[in-house]
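Here is how the chains run, residue by residue.
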Amino acid sequence: MNAPNTALRAVRTGMRMSQDDFARALQAAGRRVGEPNDANKRLVQRWESGAIAAPRPVYARALEVVTGLPVSVLGFTAITNGHGVDDQHGGHDLTSPVSSLATPTPKPLAVHASYEGVWLSRYQYHSSGRGESFAGQHFVVVLQHGDRLTVRSLPGSAASSLSLDLSVDGAVVTGTWVEQTDPAGYYRGARYHGAIQLLVEPTGRRMAGKWVGFGKDMDVNTGPWELTFRDASTSKATLDQYNTSPG
């Protein structure tokens, strides 16, 4: 009997999601990346209890999109090939019948680089209430699935949490951002969100551009944002190393 997956449970509860909420988020993530799945509460329970020690690839990718963490640090032992014994118990880890039908395969977008790894995120903003400009910094982990990038801040790198969902089109990276501010800080835990567009330098190790979003007075603001590459690894040891303030 496998040991309970306490790592996955800790991540889920840290996101303040019930098992039902988590399953729905996995389904939504699968639809977004073009890989529908049948995640449900029972499947999440079987993962967390250790009854299923390894997710199939379609679920592994959805887990990474939802949590912003590589599946290797979510407490699983491996990833199955989709035809293992786990699929034969309980009937909850099955591919959707619709997804198994023969459908035309779209031509994939050309993606010429891998952006996975740890990056330093830095943006600047003006605080109208304080009459000053400030910079926000986080170490973030970037996961890539085709032309889609999932970016999540490491929790120890800043008092606020940051997430970006981006798409890559050549040297142009476009998407959205969300920041949950520090509950004890000036903005008292307010949640802000907006859009972002970055240009990738030829080295592929720096992205720079602009964010746009609303202020506390519901005015639209903008400012510079850049991501600078730090490490290609997403191992637990590497993430632990960067889970600290950039300084």
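Predicted model, so just to flag it, every value in this text is computed and none were measured.

Novice: I'd like a description of the sheet that holds strand E1 (residues 117-127), backed by residues and values.
Specialist: Strands sit in the order E1-E2-E3-E4-E5-E6-E7-E8 around a closed barrel of eight strands; the barrel is antiparallel. Each neighbouring strand pair of the sheet contributes to a mean axis angle of 25°, computed without reference to strand direction. In the sheet, strand E4 (residues 161-169) pairs with strand E5 (residues 172-180) via nine bridges, with the strands oriented antiparallel. The partner of Asp-169 across the bridge, within E5, is Val-172. Along the sheet, helix H4 (residues 57-67) contacts strand E2 (132-145) and strand E3 (148-153); its crossing angle with E3, the most-contacted strand, is approximately 50°.

Novice: Give me unusual backbone geometry: which residues, what numbers.
Specialist: Of note, the phi angle at Arg-16 is positive, near 60°, even though the residue is not glycine. Looking at where Arg-16 falls in the secondary structure, it is placed in the loop between helix H1 (6-14) and helix H2 (19-32). Owing to a relative accessible area of 78%, Arg-16 belongs among the exposed residues under this scheme. One non-glycine residue, Arg-188, lies in positive phi territory at about 55°. Mapped onto the elements of the fold, Arg-188 is located in the loop between E5 and strand E6 (191-200). The exposure class assigned to Arg-188 is exposed, which follows from its relative accessible area of 73%.

Novice: Residue-level account of the packing of aromatic side chains, with values.
Specialist: A complete count under the given rule lists 14 aromatic pairs for this structure. Both rings, one in Trp-47 and one in Phe-76, keep their centres 5.8 Å apart while their planes meet at 80°; by these two values the pair is edge-to-face. On the criterion of sequence distance, the pair formed by Trp-47 in helix H3 (residues 41-49) and Phe-76 in the loop between H4 and E1 is long-range, its members being 29 residues apart. Pair check on accessibility: Trp-47 and Phe-76 agree, each one buried. Summarising the aromatic geometry, the rings of Tyr-123 and Tyr-125 are spaced 5.8 Å apart at their centres and angled 40° between planes, so their arrangement reads as tilted. Since its relative accessible area comes to 9%, Tyr-123 is described here as buried.

Novice: If you had to explain the nonpolar core to someone new, which residues and values would you point to?
Specialist: One broad trend across soluble globular proteins is that nonpolar side chains are buried collectively. In terms of nonpolar packing, the biggest core is built from 32 residues, with Phe-22, Leu-26, Trp-47, Leu-63, Leu-74, Phe-76 and Leu-239 touching the most fellow members. When contributions to this core are tallied by element, the ones reaching two or more residues are H1, H2, H3, H4, E1, E2 and helix H5 (236-242). When residues of this core are assigned to their parent elements, the largest contribution, seven residues, is made by H4. In this structure Trp-47 touches Asn-5, Leu-8, Leu-26, Ile-52, Pro-55, Tyr-59, Leu-63 and Phe-76, once residues within four positions along its chain are discounted. In terms of nonpolar packing, the next biggest core, distinct from the first, is built from 21 residues, Tyr-123, Leu-149, Tyr-192 and Leu-198 among them.

Novice: Now, about the pattern of salt bridges: what can you tell me, with residues and values included?
Specialist: Applying the stated rule across the entire model yields seven salt bridges. The salt bridge involving Glu-35 is made with Arg-61; its shortest N-O contact spans 2.6 Å. Note that Glu-35 is positioned in the loop between H2 and H3 and Arg-61 in helix H4, a separation of 26 residues in sequence. Its relative accessible area of 23% is what places Glu-35 among the partly exposed residues. One salt bridge in this structure joins Glu-201 and Arg-206, with 2.7 Å as the shortest N-O distance.

Novice: Before we move on, could you go through the pairing of E2 and cite the residues and values that matter?
Specialist: The pairing of E1 with E2 spans eleven bridges and is classified as antiparallel. Across the sheet, Ser-127 pairs through a bridge with Glu-132, a residue of E2. Taking the residues between adjacent antiparallel strands as the criterion, E1 and E2 are bridged by four residues, where Gly-131 takes a positive phi near 65°. Hairpin connection of E2 to E3: two residues between the antiparallel strands, including Gly-146 at a positive phi of 65°.

Novice: Help me get a handle on the side chain of Ser-160, residues and values and all.
Specialist: Examined against the element boundaries, Ser-160 turns out to sit in the loop between E3 and E4. In this structure Ser-160 comes out as buried when scored by relative accessible area, which is 13%. At 2.9 Å, the side chain of Ser-160 and the side chain of His-138 are in polar contact. A distance of 2.6 Å separates the side chain of Ser-160 from the side chain of Glu-179, its partner in a polar contact. Beyond its immediate stretch of four places on either side in the chain, Ser-160 contacts His-138, Ser-153, Glu-179, Gln-180, Thr-181 and Asp-182.

Rules used in this analysis
- Residues numbered from 1 in each chain as written.
- Predicted model: local features only at pLDDT ≥ 70, side-chain atom pairs only at ≥ 80, totals over all residues.
- Heavy atoms only, no water.
- Pairing = 2+ DSSP bridges.
- Helix = DSSP H or I, 4+ residues; strand = E, 2+ residues; numbered from the N terminus.
- Axes fitted to C-alpha atoms, helices over the stretch in contact; angles between N-to-C directions.
- Contact = heavy atoms within 4.5 Å.
- Buried < 20%, exposed > 50% of the residue type's maximum accessible area, 1.4 Å probe, protein only.
- Phe/Tyr/Trp six-rings, centres within 6.5 Å; stacked < 30°, edge-to-face > 60°.
- Core = buried A, V, L, I, M, F, W, Y, C linked by side-chain atoms within 4.5 Å.
- Salt bridge = Lys/Arg side-chain N within 4 Å of Asp/Glu carboxyl O.
- Polar contact = N/O pair within 3.5 Å; in protein donor to acceptor, adjacent residues only side chain to side chain.

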